[in-house]
Every structure is written in structure tokens, then in C-alpha cells.
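Read off the chains here:
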Amino acid sequence: MDIIIRDNYEEMSKYAAGVIAGFVRKKPDCVLGLATGSTPIGTYRELIRMHKEEGLDFSGVRTFNLDEYLGIGMDLSKPYNEDQSYARFMYEELLRHINIKEGNVCIPDGMTKDPEKFCLWYEEEIRKAGGIDLQLLGIGGDGHWAFNEPGSSLASRTRVQALAKQTLDDNYELFYKNAGVSREEMPHFAITMGIGTILETRNILMMASGIKKADVVAKALEGPVTSQITASAIQLHPGGITVVLDRDAASRLANTDHYMHMEKLKEQYRL
Ligand code: GLP
């Protein structure tokens, strides 16, 4: 596991975008797993810049998103701040600014009439695409990956998940309150890739920023592997793992010196 610590959000975002761009350049038809949340916004901005200024080409890239709220779907007739779907987030923050083909984008359908059947279909689509080459991940306040709330099986697959109280609180403060949606009206369920699904991706790029994430990042990276902190499953991933943190999110890690030493040595080795 490569743990990279950068001084601030901007540097963290640039590093993460560099990793993603590296995959796209090396394999122009790669399959990317994408994430929502405030954490990857800077990374997406940098990717947009690379596309516009450096010609980073997404025309062959396929994407799968981690999750979507159940019961809401993208509605382009609404202004962005009134549309809380993850599909709209992806469209506004990345997809409409790059040259990705619409048919190559796959986001769980929150409006599906048959969620269980949809989840099976989603898993099958990932399989048919040849699996995910690089999965981008944040971490929730309760240590979740995607919407795999505490207690989710570490072997779980794409499914409907009830949202934990802390996730509802976090999301209410971040989005729904400002949009004038009451706590009762906000979605309480989501479709999410499972931890087992995420562990099958070939490479993982996890990001976290800010002091609010410091405890949960330390638990996920240095604590025991536990379904109570589903992001701790990162320790079980067999492929390439890169974790990019800003200094605040890394501030409760016990082995920071070791991670910095390893990063330096690996850079020398690459030379
Ligand atoms: C939601 C998403 C997660 C994301 C988390 C953290 O719960 N389902 O995929 O990692 O939010 O969001 P933020 O980056 O805003 O802290």
C-alpha cells in the first residue's frame, strides 16, 4: 500500500489526478470506477484541466460509479443545487466537461423499478467490461466505502443498503438542508457496489482530506480489518493500492515517517 501525504487539498487532488491520468494514457480504453463526495471534486477539476489543456483523451474510457441514492434520478430541468442525484454530480463535476462517450458511462439507476434485478445487472456489466482497472474511493464519516455502512459484509456485492444515522446527518447538512428538503423526505436508502465488488477491482486510489477524517483514516489504514469500518477492507486488496491524504487527514496516523520514507525510496527506485 502506497500512502502519500500532501500538504493540502490542492496538492492531494493534483497527485490523485496524475494517477488517474497515468492509467488513461497507458490504457486509453481503461475502465475507471468513479466516486462522488466533496473529496474528489478537486481531482475532477484537474482532470478537466488536463483534458482541455493537455488533450487527455477519455474517448475510449468506460466508467462505473460506486453508488446512487434510491428513489432519485438526474433531472436536468432542475438547477444543480436542487438535484441531489449522484448522476447529476458526476455530470456537472466531470462528465460533461470531458470527451467521454455517453454510452460508456454507467451509474446505478436510483429510479429502477426492480432494484434487486438492477444490482445483478450492474455486476454483470462490470464483468462484461472486463472488470475495473482503477477504482477511486473516498471514505465516509463512519468509515464506509461507497455506501457500505458499518456491519456490511466484507464479501458484499452490489445491493440496496439502508443509510446509517451518521451518513444521513452528514448528507443532510451538506446537501438537503440547503435545498430545502426535509430530513424525512431525503433518501434513506442507496444502491451501492459491495465491498466484495470493490475488492475485485485491479487497483485502488483512495483519498481523504480534512481533520474530520483523521480518526477514521487511521482506523481504516492502521486498525484491524473490520466490517465496522468497511474501508479497512483496503488492507485485503490484492492489487495496487494508493492512498492520497492531505496533512490533516493523515494527522492521526501512527506511522507517518515510515510512509514518507517508503515514498522517497520508491521514487528513487523508479529513477
Ligand atoms: C458518501 C459517498 C461516499 C463518499 C462519502 C464521503 O457517503 N457515498 O462514496 O466517500 O460520501 O464524502 P466526502 O468526500 O464529501 O467526505
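Report follows, based on the coordinates.

Criteria and cut-off values
- Residues numbered from 1 in each chain as written.
- Predicted model: local features only at pLDDT ≥ 70, side-chain atom pairs only at ≥ 80, totals over all residues.
- Heavy atoms only, no water.
- Helix = DSSP H or I, 4+ residues; strand = E, 2+ residues; numbered from the N terminus.
- Rg over C-alpha atoms; globule rule 2.2 N^0.38 Å.
- Buried < 20%, exposed > 50% of the residue type's maximum accessible area, 1.4 Å probe, protein only.
- Near = heavy atom within 4 Å.
- Polar contact = N/O pair within 3.5 Å; in protein donor to acceptor, adjacent residues only side chain to side chain.
- Areas by Shrake-Rupley, 256 points an atom, 1.4 Å probe, with all protein chains shown as cover.
- Nonpolar A, V, L, I, M, F, W, Y, C, P; charged D, E, K, R; others polar.
- Lys, Arg positive; Asp, Glu negative; His and termini not counted.
- Salt bridge = Lys/Arg side-chain N within 4 Å of Asp/Glu carboxyl O.
- Contact = heavy atoms within 4.5 Å.
- Core = buried A, V, L, I, M, F, W, Y, C linked by side-chain atoms within 4.5 Å.
- Pairing = 2+ DSSP bridges.
- Right-handed = clockwise from strand over helix to strand, strands pointing away.

1. Here's the deal with the overall build of the chain
Scanning the chain from N- to C-terminus turns up eight helices and 10 strands. Relative to the globule expectation of 18 Å for 271 residues, the C-alpha radius of gyration of the chain, 18 Å, shows essentially globular dimensions. Projected onto its principal axes, the C-alpha coordinates of the chain cover approximately 55 × 40 × 35 Å. When the 271 residues of the chain are sorted by exposure, 52% land in the buried category.

2. As for the site of the ligand
The full set of residues close to the ligand is Thr36, Gly37, Ser38, Thr39, Asp67, Tyr86, Gly138, Ile139, His144, Ala146, Phe147 and Lys213. Take Asp67: an N or O atom from its side chain is 2.8 Å from a nitrogen atom of the ligand. Between the ligand and Ile139, the relevant distance is 3.4 Å, taken from an oxygen atom to a main-chain nitrogen or oxygen of the residue. Across the complex, the protein chains shield 91% of the 400 Å² of accessible surface that the ligand would expose by itself. Its residues assigned to classes, the shell around the ligand comprises four nonpolar, six polar and two charged.

3. Focus on the side chain of Asp67
As for its position among the elements, Asp67 is in strand 4 (residues 67-69). As a buried residue without a salt bridge, Asp67 has its nearest oppositely charged side chain in Arg159, at a separation of 9.8 Å. Here Asp67 is in contact with Thr36, Tyr86, Pro108, Ala146, Phe147, Ile191 and Thr192, once residues within four sequence places are set aside.

4. Description of the nonpolar core
Note on soluble globular proteins: their nonpolar side chains tend to be buried together. By size, the foremost hydrophobic cluster in this structure holds 71 residues, and its most contacted members are Tyr44, Leu47, Leu94, Trp145, Leu245 and Leu253. Ranked by residues supplied to this core, first place goes to helix 1 (residues 9-26) with six residues. Apart from the residues lying within four places of it in its own chain, the contact partners of Leu245 are Ile3, Ile4, Ile5, Arg6, Met12, Ala208, Val217, Leu221, Ala250 and Leu253. Within the second largest apolar cluster, eight residues are counted, among which are Tyr69, Phe147, Met186 and Ala190.

5. As for unusual backbone geometry
Its identity is not glycine, yet Ala146 carries a phi of approximately 55 degrees, on the positive side. Among the secondary structure elements, Ala146 is positioned in the loop between strand 6 (134-137) and strand 7 (159-162).

6. As for the sheet that holds strand 5 (residues 105-106)
Reading across from one edge, 1-10-9-6-2-3-5 is the order of the seven strands in this open sheet, with parallel pairing throughout. A single partner strand is all that each edge strand has here, and the edge strands are strand 1 (2-6) and strand 5. Looking at chain direction, strand 2 (residues 31-34) and strand 3 (residues 62-65) are connected through four bridges and run parallel. Opposite Gly33, over in strand 3, you have Phe64 as the bridge partner.

7. Here's the deal with the pairing of strand 3
Handedness of the crossover joining strand 2 and strand 3 through helix 2 (residues 41-54): right-handed. Judged from the two bridges that link them, strand 3 and strand 5 form a sheet pairing that is parallel. Bridge pairing in strand 5 places Phe64 opposite Cys106.

8. Examining the pattern of salt bridges
Within this structure, the stated rule accounts for 22 salt bridges. Between Lys266 and Asp2 there is a salt bridge, with the nearest N and O atoms lying 2.3 Å from each other. Linking Lys266 in helix 8 (residues 256-270) with Asp2 in strand 1, this pair joins segments that are 264 residues apart in sequence. With a shortest N-O distance of 3.2 Å, Glu125 and Lys128 are connected by a salt bridge. You can see Glu125 and its partner Lys128 sitting in helix 4 (residues 115-128), three residues apart, about one turn around the helix. Judged by its relative accessible area of 14%, Glu125 falls in the buried class. In this structure Lys128 comes out as exposed when scored by relative accessible area, which is 58%. Each of Arg25, Glu46, Arg49, Glu53 and Glu54 takes part in one network of salt bridges that share partners.

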